[in-house]
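# Analysis of the macromolecular model
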Amino acid sequence: MCVGNLLYEYAVIRFVPRIEREEFINVGLLMMCKRMKWIRAQLHVPENKMAVFVSEITPENLHNQLEQFRCITNGDCKAGPIATLSVEERFRWLSAVRSSCVQTSRPHPGLTDDLDMTFDRLFSELVM
């Protein structure tokens, strides 16, 4: 039984209010399919959840950082040279381990026949 023929990778985008506490809120999803040269990110900041955590990061600061994340994903040249890299290089750069208030989970692989449907399902399950 063939589950799907498109290999994809995804990572959950997280807001980490205080790095030293290692607590986080899922605020988006990043997904990439190298074969199709396809990449997509979608963001959702639950400000009611942000208010529960003590953080120096304001919702406005977070929105600005996530906008840069979105611009790089979309290959928007206003985001700088990283946005001009190939789909898989942008995915690797965005999902690299970092110590900042916007992080991602480790990338996870999967197989699908419909990238957009899979993305929507994962976003609903992991972020919303």
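Residues numbered from 1 in each chain as written. Predicted model: local features only at pLDDT ≥ 70, side-chain atom pairs only at ≥ 80, totals over all residues. Heavy atoms only, no water.

## Details of the packing of aromatic side chains
Cut-off, in case you're wondering: The criterion for an aromatic pair is that two Phe, Tyr or Trp rings (for Trp, the six-membered ring) have centres within 6.5 Å, with stacked assigned to planes under 30 degrees apart, edge-to-face to planes over 60 apart and tilted to the rest. Helix numbering and strand numbering both begin at the N terminus, where a helix is a DSSP run of H or I of at least 4 residues and a strand a DSSP run of E of at least 2. To sort residues, take the accessible area from a 1.4 Å probe on protein chains only and compare it with the maximum for the residue type: under 20% means buried, over 50% means exposed, and anything in between is partly exposed. Two thresholds decide whether a charge sits over a ring: the Lys NZ or Arg CZ must be within 6 Å of the ring centre and within 35 degrees of the ring normal.
If you walk through the whole model with that rule in mind, you get three aromatic pairs. Between Trp38 and Phe119 the ring centres are 6.5 Å apart and the planes differ by 75°, which places this aromatic pair in the edge-to-face class. Here Trp38, found in strand β3 (residues 38-43), pairs with Phe119, found in helix α4 (residues 115-126); they are 81 residues apart in sequence, far enough to count as distant. Accessibility classification places Trp38 together with Phe119 in one group, the buried group. Note that Arg14 overlies the ring of Phe24, its terminal NZ or CZ placed 4.0 Å from the centroid. The ring of Trp93 is capped by Arg98, whose NZ or CZ atom sits 5.1 Å from the centre of that ring.

## Here's the deal with the pairing of strand β2 (residues 25-33)
The side chains of a regular strand alternate, residue by residue, between the two faces of the sheet. To be explicit about the condition: Two strands form a pair only when DSSP identifies at least two bridges running between them.
Burial analysis of β2 places eight of its nine residues in the buried class, which makes it a mostly covered element. Relative to β2, strand β1 (residues 6-15) runs antiparallel, the two being bridged by seven bridges. Paired with Tyr10 across the two strands is Met31, which belongs to β2. When β2 meets β3, the two strands line up antiparallel, connected through six bridges. Each bridged residue has a counterpart across the sheet, and for Met32 the counterpart in β3 is Ile39. Where β2 folds back onto β3 in an antiparallel hairpin, the turn is made up of four residues, including Lys37, whose phi is positive at roughly 55°.

## Looking at the nonpolar core
Counted only if it meets this: The set of buried Ala, Val, Leu, Ile, Met, Phe, Trp, Tyr and Cys residues whose side-chain atoms join them within 4.5 Å is what this entry labels a nonpolar core. Residues count as neighbours in contact if any of their non-hydrogen atoms are within 4.5 Å of one another.
With 22 residues, the main nonpolar core has Ile13, Phe15, Leu30, Leu62, Leu66 and Val102 as its most contacted residues. Among the secondary structure elements, those contributing two or more residues to this core are β1, β2, β3, α2 (59-73) and α3 (87-94). Ranked by residue count, the leading element in this core is α2, at five residues. Among all residues touching Leu30, those that are not within four sequence positions of it are Glu9, Tyr10, Ala11, Ile13, Ile39, Arg40, Ala41, Phe69, Thr73, Phe91, Leu94 and Ser95.

## Here we look at unusual backbone geometry
Despite not being glycine, Glu22 shows a phi value in the positive range, around 60°. With a relative accessible area of 65%, Glu22 lands in the exposed category. One non-glycine residue with positive phi stands out, namely Lys37, at about 55°. Taking relative accessible area as the criterion, Lys37 reaches 64% and is therefore assigned exposed.

## A look at the packing of α2 against α3
Quick note on the threshold: Helix axes use the C-alpha atoms of the stretch in contact, all axes being lines fitted to C-alpha atoms, and the angles between their N-to-C directions lie in the range 0 to 180 degrees. When an angle is under 35 degrees it counts as roughly parallel; over 145 it counts as roughly antiparallel; between 65 and 115 it counts as roughly perpendicular; any other value is oblique. All amino acids are sorted into three groups, where Ala, Val, Leu, Ile, Met, Phe, Trp, Tyr, Cys and Pro are nonpolar, Asp, Glu, Lys and Arg are charged, and the leftover types, Gly among them, are polar.
For the pair α2 and α3, the least separation of the axes is 10 Å and the interaxial angle reads 155°. With respect to α3, the axis of α2 lies roughly antiparallel. Along the contact surface, α2 presents Phe69, Ile72 and Thr73, while α3 presents Arg90, Trp93 and Leu94. Each residue belonging to the contact of α2 with α3 can be placed in one class, and the counts come to four nonpolar, one polar and one charged.

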